[in-house]
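Residues per chain are reported as follows:
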Amino acid sequence: MKIGVPKEIKNNESRVGMTPAGVFELVKNNHTVFVQTGAGEGSGFLDGDYKSAGAIILDTIGLVYAMSEMIVKVKEPIAEEYELVQKDQIVFTYFHFASSEPLTKAMIKSESVCIAYETVEDEEGALPLLTPMSEVAGRMSIQQGARYLEKPVKGRGVLLGGVPGVQPGKVLVLGAGVVGIQAAKMAAGLGAHVTIMDVNMKRLRYVNDVMPSHVVTEFSNEFNIRKHIKTHDLIIGGVLLKGAKAPNLITRDMLKDMRPGTVIVDVAVDQGGCVETTRPTTHEDPVYIIDDVVHYSVANMPGAVPYTSTVALTNVTLPYVLKLANLGWEKATIQDESLRKGLNIIRGEVVYKEIIEAFGWEAEVV
Ligand SMILES: NC(=O)c1ccc[n+]([C@@H]2O[C@H](COP(=O)([O-])OP(=O)(O)OC[C@H]3O[C@@H](n4cnc5c(N)ncnc54)[C@H](O)[C@@H]3O)[C@@H](O)[C@H]2O)c1
């Protein structure tokens, strides 16, 4: 198969859909890979690295789309790319169709085959192509939180690990899912005292089994959260209710109970946040302060560490890319149920019912 890797042109996106290691595997399987010149630069991969792995470097994004049977990328196509997508072409990327009607309509019109990373689902209902980004964001939340606890950026002036003779900082993690566990692990590694809360006892038992003794679990309810926010320096929001807005576990009135300079990193911002005062921020201007509480709520945290994020993402996408290339999308999605769940639009027809529901298109479909 002819596979194309365009350069991402969405604002501030430095990741790329395939690493030289991925190109190497595909070429080994007798496929041809076209990479747009400069596509990997933001993630630290140069044209020469791709060439050595067997890729053909093309000068323009137009050529990559025109010559490829499958496009592998990171973000959804933006308006400038809509017309480039070809009839029958497979496009394998994050789409998040339900949040953009213009994108959905453009992909319907293109008559391409759109397979969305975010809806590929394994037997346990987990989302294997979203997990690595949650891992990155969870780990990063502590790195960012530790920085904003510093006094010059209006934090409490607390060093998370403490020093001999001084108590370590205290980190409260809401949600013991992928984000929460990675955050707890990083904070514990720095020597902080960690409290992690969830409503799922299975998750809390797991954390209790695998974490060191300075990570303690507590059931998540309003009473316990109100108690802990008074004494913790850094609060991480990692709560998710599948397919719904995150619950507001910290309400506006609770901010006054926190000590000045407390930092909240609300990773769940992309689902509305689990703090009432959360609003999305960017890497250019990541924090704001309300009632002396520092809020960090960047909606695409992995974007700041494109090398790690690109490698983490392509590690999990590559087996699916290989399957699609070796078998073609029809056979591949019959053989692999996880991949079948990734099918969102097939040659002009929306096949993922949540998208139809999101736009209230049921009547038209019937
Ligand atoms: N900002 C970013 O850049 C970024 C990056 C990756 C993921 N995220 C977001 O982070 C959030 C968490 O993702 P995840 O992969 O860890 O999800 P996950 O499903 O693995 O974990 C969520 C956890 O929240 C728990 N939970 C639900 N209700 C709760 C409550 N009332 N109190 C405490 N815990 C509760 C669940 O039981 C679950 O264990 C999602 O909204 C995700 O989209 C953001």
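See the structure above.
Residues numbered from 1 in each chain as written. Predicted model: local features only at pLDDT ≥ 70, side-chain atom pairs only at ≥ 80, totals over all residues. Heavy atoms only, no water.

**Things to note about the environment of Gly273**
So, point 1. The residue Gly273 is located in the loop between strand 11 (263–266) and strand 12 (287–290) in this model.
So, point 2. Among all residues touching Gly273, those that are not within four sequence positions of it are Lys245, Ala246, Pro247, Asn248, Asp266, Ala268 and Thr278. (Helix = DSSP H or I, 4+ residues; strand = E, 2+ residues; numbered from the N terminus. Contact = heavy atoms within 4.5 Å.)

**Let's talk about the nonpolar core**
So, point 1. Within the largest apolar cluster, 38 residues are counted, with the highest numbers of intra-cluster contacts made by Met18, Phe92 and Ile115.
So, point 2. Per element, the largest residue contribution to this core is ten residues, and it comes from helix 10 (residues 306–335).
So, point 3. Those residues in contact with Ile115 that lie beyond four places of it in its chain are Ile90, Val91, Phe92, Thr93, Phe95, Leu324, Trp329, Leu339, Gly342 and Leu343.
So, point 4. Core analysis: the second largest hydrophobic core is formed by 31 residues, Tyr148, Leu149, Ala183 and Val294 among them. (Core = buried A, V, L, I, M, F, W, Y, C linked by side-chain atoms within 4.5 Å. Buried < 20%, exposed > 50% of the residue type's maximum accessible area, 1.4 Å probe, protein only.)

**Things to note about the site of the ligand**
So, point 1. In the region of the ligand, 29 residues are neighbours, and Ser134, Asp198, Ser220, Asp270 and Met301 sit closest.
So, point 2. The contact in question runs from an oxygen atom of the ligand to an N or O atom on the side chain of Ser134, over 2.7 Å.
So, point 3. Compared with its free state, where it exposes 870 Å², the ligand has 85% of that area covered by protein.
So, point 4. Of all the secondary-structure elements, those providing two or more residues to the shell around the ligand are helix 6 (131–148), helix 7 (178–190) and strand 8 (193–198). (Near = heavy atom within 4 Å. Polar contact = N/O pair within 3.5 Å; in protein donor to acceptor, adjacent residues only side chain to side chain. Areas by Shrake-Rupley, 256 points an atom, 1.4 Å probe, with all protein chains shown as cover.)

**Considerations on the sheet that holds strand 11**
So, point 1. In spatial order, the strands read 9-8-7-10-11-13-12; together these seven strands make up an open sheet with mixed pairing. Every interior strand has two partners, whereas the edge strands, strand 9 (215–219) and strand 12, have only one. For this sheet, the mean inter-axis angle between neighbouring strands, taken without regard to orientation, is 20 degrees.
So, point 2. Of the pairings in the sheet, the one linking strand 10 (residues 234–237) to strand 11 comprises four bridges and is parallel in character. Bridge pairing in strand 11 links Leu234 to Val263.
So, point 3. Helix 6 contacts strand 7 (170–174), strand 10, strand 11, strand 12 and strand 13 (293–296) of the sheet and is inclined by roughly 150 degrees relative to strand 10. (Pairing = 2+ DSSP bridges. Axes fitted to C-alpha atoms, helices over the stretch in contact; angles between N-to-C directions.)

**Quick notes on the pattern of salt bridges**
Pairing of side chains with opposite charge becomes possible as their charged atoms draw close.
So, point 1. Applying the stated rule across the entire model yields 17 salt bridges.
So, point 2. For Lys109, the salt bridge identified is with Glu83, shortest N-O distance 3.7 Å. Residue Lys109 is located in helix 5 (residues 101–110), and its partner Glu83 is located in the loop between helix 4 (79–82) and strand 5 (90–93); the two are separated by 26 residues in the primary sequence.
So, point 3. With a shortest N-O distance of 3.3 Å, Arg252 and Asp291 are connected by a salt bridge. (Salt bridge = Lys/Arg side-chain N within 4 Å of Asp/Glu carboxyl O.)

**Details of the pairing of strand 2 (residues 32–36)**
So, point 1. Most of strand 2 sits out of view: four of its five residues are buried.
So, point 2. Where strand 2 meets strand 3 (residues 56–58), three bridges bridge the pair, whose relative direction is parallel. Within strand 3, the position partnered with Val35 by the bridge is Ile57.
So, point 3. In the classification by handedness, the crossover that spans strand 2, the intervening helix 2 (residues 47–53) and the parallel strand 3 is right-handed. (Right-handed = clockwise from strand over helix to strand, strands pointing away.)

**Section: the pairing of strand 6 (residues 113–116)**
So, point 1. Burial along strand 6 is two-sided: the face carrying Val113 and Ile115 and the face carrying Cys114 and Ala116 are both buried.
So, point 2. Bridge count for strand 5 against strand 6 is four bridges, and the pairing is parallel. Bridge pairing links Phe92 to Ile115 in strand 6.
So, point 3. As for the winding sense of the linkage, the β-α-β connection from strand 5 through helix 5 to strand 6 is right-handed.
So, point 4. Bridge count between strand 6 and strand 14 (residues 343–346): three bridges; the pairing is antiparallel. The residue bridging Val113 from the neighbouring strand is Ile346, located in strand 14.

**Some remarks on the packing of aromatic side chains**
So, point 1. For the structure shown, the criterion picks out seven aromatic pairs.
So, point 2. Taken together, a centroid distance of 6.0 Å and an interplanar angle of 45 degrees make the contact between Tyr148 and Tyr296 tilted. Linking Tyr148 in helix 6 with Tyr296 in strand 13, this pair joins segments that are 148 residues apart in sequence. Taken as a pair, Tyr148 and Tyr296 share a single burial class, namely buried.
So, point 3. Ring centres of Phe359 and Trp361 lie 4.9 Å apart, and the angle between their planes is 40 degrees; on these two criteria the pair is classed as tilted.
So, point 4. The exposure class of Phe359 is buried, given its relative accessible area of 16%.
So, point 5. Members of the aromatic cluster, joined through ring pairs, are Phe45, Tyr50 and Tyr307.
So, point 6. Over the face of the ring belonging to Tyr148 we find Arg147, whose NZ or CZ atom lies 5.1 Å from the ring centre.
So, point 7. Stacked on the ring of Tyr288, the Lys or Arg Arg279 has its end atom at 3.9 Å from the ring centre. (Phe/Tyr/Trp six-rings, centres within 6.5 Å; stacked < 30°, edge-to-face > 60°. Lys NZ or Arg CZ within 6 Å of the ring centre and 35° of its normal.)

Worth remembering: the numbers are spatial, not functional.
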